[in-house]
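Chain residues, written in single-letter form:
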Amino acid sequence: MDKNRLFTLIRLEDIADDRLRGLMKRSAALTRLMGYVVVVFAVSILLGAFLASSRGRAVFLPARIVLAVTAVSLIVYLILQTMQSGIGKNRWRCPDCGGELPYYQGNGRVVSIRGMSAYEKVRDQGIPMGSVDPSRLTVPAVCPHCGKRLIKKEILD
């Protein structure tokens with residue numbers, strides 16, 4: 001594993017535990033959905049700016065529709081962001097010992113690591129980590145607390 005990278009990309013099938021695999025799959029789906037919502041938001045902003053520049057009464061109704069789409073997409077994005085962070089904060093734990101596992105969370109520009117004590121244990125023990133694209137959750141090869149293997153193959157070692 002490259003020492004400059006936080007994690008290595010792995011396949012969903014490489015995760016040993018069914019619960020962790022399901023959470024990783026849900027996280028990846030939420031991240032993809034958030035990307036689509038950002039595209040809808042950006043297009044609605046651009047369309048709203050175009051309609052606002054025309055300044056005619058004929059575009060009043062379409063402008064309101066565009067404003068509604070913009071507001072709904074922003075609300076949906078915030079709901080998805082909350083759901084995404086809830087997966088890591090409340091449920092991303094070792095299936096055997098219940099110890100927290102590291103994950104990362106970003107707001108578009110800054111990525112920060114959550115579960116910092118677990119991340120420090122992983123880093124200090126030299127345990128490689130993997131993640132499924134585009135999920136924000138990371139899976140250490142073994143649990144830093146109890147030593148249970150969390151990834152099936154030796155692909156990270």
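Model, not experiment: these values are computed from the prediction.

K.L.:
So, the side chain of S135: which residues are in play, and what are the values?
P.N.:
Structurally, S135 can be placed in the loop between β4 (129–131) and β5 (139–140). Residue S135 is classed as buried on the basis of its relative accessible area of 1%. Here the side chain of S135 touches L137 through a polar contact of 3.1 Å, landing on its backbone nitrogen.

K.L.:
Residue-level account of the pattern of salt bridges, with values.
P.N.:
What the rule picks out here adds up to 4 salt bridges. Between R11 and E13 there is a salt bridge; the shortest N-O distance is 3.3 Å. By relative accessible area, which is 45% here, R11 ends up partly exposed. With its nearest N and O atoms 3.3 Å apart, the salt bridge here joins D14 to R11. Classification of D14 by relative accessible area gives buried; the value is 3%. Overlapping salt bridges, with partners in common, bring together R11, E13 and D14 in one network.

K.L.:
Describe in detail the confidence of the model for the chain, supporting the description with residues and values.
P.N.:
For the chain, the average pLDDT comes to 81, and 83% of its residues sit at 70 or higher. By mean pLDDT, strand β2 (residues 103–106) is the weakest element of the chain at 71, and β5 is the strongest at 87.

K.L.:
Any details on the nonpolar core? Residues and values, ideally.
P.N.:
Grouped together as the largest cluster of nonpolar side chains are 20 residues, with contacts concentrated most on I15, L20, M24, W92, L137, V139 and L150. Put simply, the parts of the chain that give this core at least two residues each are α1 (18–54) and α2 (60–91). The biggest single contributor to this core is α1, with 6 residues. Discounting chain neighbours no more than four positions away, the residues touching W92 are L20, L23, M24, I87, E100, L101, P102, Y103, L137, T138 and V139.

K.L.:
Residue-level account of the sheet that holds strand β1 (residues 8–9), with values.
P.N.:
Spatially, β1-β4-β5 is the arrangement adopted by the 3 strands of the open sheet, whose pairing is mixed. On the outer flanks of this sheet lie β1 and β5, each paired with one strand and no other. As paired strands, β4 and β5 are joined by 2 bridges and run antiparallel to one another. Residue pairing across strands places M129 opposite P140, the latter belonging to β5.

K.L.:
Got a sec to walk through the environment of C97? Specific residues and values, please.
P.N.:
With respect to the element layout, C97 can be found in the loop between α2 and β2. C97 sits in the partly exposed class, given a relative accessible area of 40%. Distance in space between the C-alpha atoms of C97 and C146 is 6.4 Å, their sequence separation being 49 residues. In contact with C97, other than residues within four places in its own chain, are C143, H145 and C146.

K.L.:
Tell me about the environment of P95, and name the residues and values.
P.N.:
Note on placement: P95 falls in the loop between α2 and β2. Taking the C-alpha atoms as reference points, P95 and D17, separated by 78 residues in sequence, lie 7.4 Å from one another. With near-sequence residues (within four places) excluded, P95 lies in contact with D17, R19, L20, K148 and L150.

K.L.:
Describe the side chain of S44, with residues and values.
P.N.:
Secondary-structure assignment places S44 in helix α1. On the basis of relative accessibility, which here comes to 5%, the residue S44 falls in the buried class. Here S44 is in contact with V66, V69, T70 and S73, once residues within four sequence places are set aside.

K.L.:
Explain helix α3 (residues 116–125) residue by residue, including any values.
P.N.:
Side chains that are three or four residues apart share a direction in an α-helix, a result of its 3.6 residues per turn. Turning to α3, its buried residues number three or more, namely A118, Y119 and V122. End-on view of α3: buried residues confined to an arc of 100 degrees, all on one side of the axis. One or two steps after α3, the chain reaches G126, where phi turns positive at roughly 70 degrees.

Parameters at a glance
- Residues numbered from 1 in each chain as written.
- Predicted model: local features only at pLDDT ≥ 70, side-chain atom pairs only at ≥ 80, totals over all residues.
- Heavy atoms only, no water.
- Helix = DSSP H or I, 4+ residues; strand = E, 2+ residues; numbered from the N terminus.
- Buried < 20%, exposed > 50% of the residue type's maximum accessible area, 1.4 Å probe, protein only.
- Polar contact = N/O pair within 3.5 Å; in protein donor to acceptor, adjacent residues only side chain to side chain.
- Salt bridge = Lys/Arg side-chain N within 4 Å of Asp/Glu carboxyl O.
- pLDDT = per-residue confidence, 0-100.
- Core = buried A, V, L, I, M, F, W, Y, C linked by side-chain atoms within 4.5 Å.
- Contact = heavy atoms within 4.5 Å.
- Pairing = 2+ DSSP bridges.
- Arc of directions from axis to C-beta.

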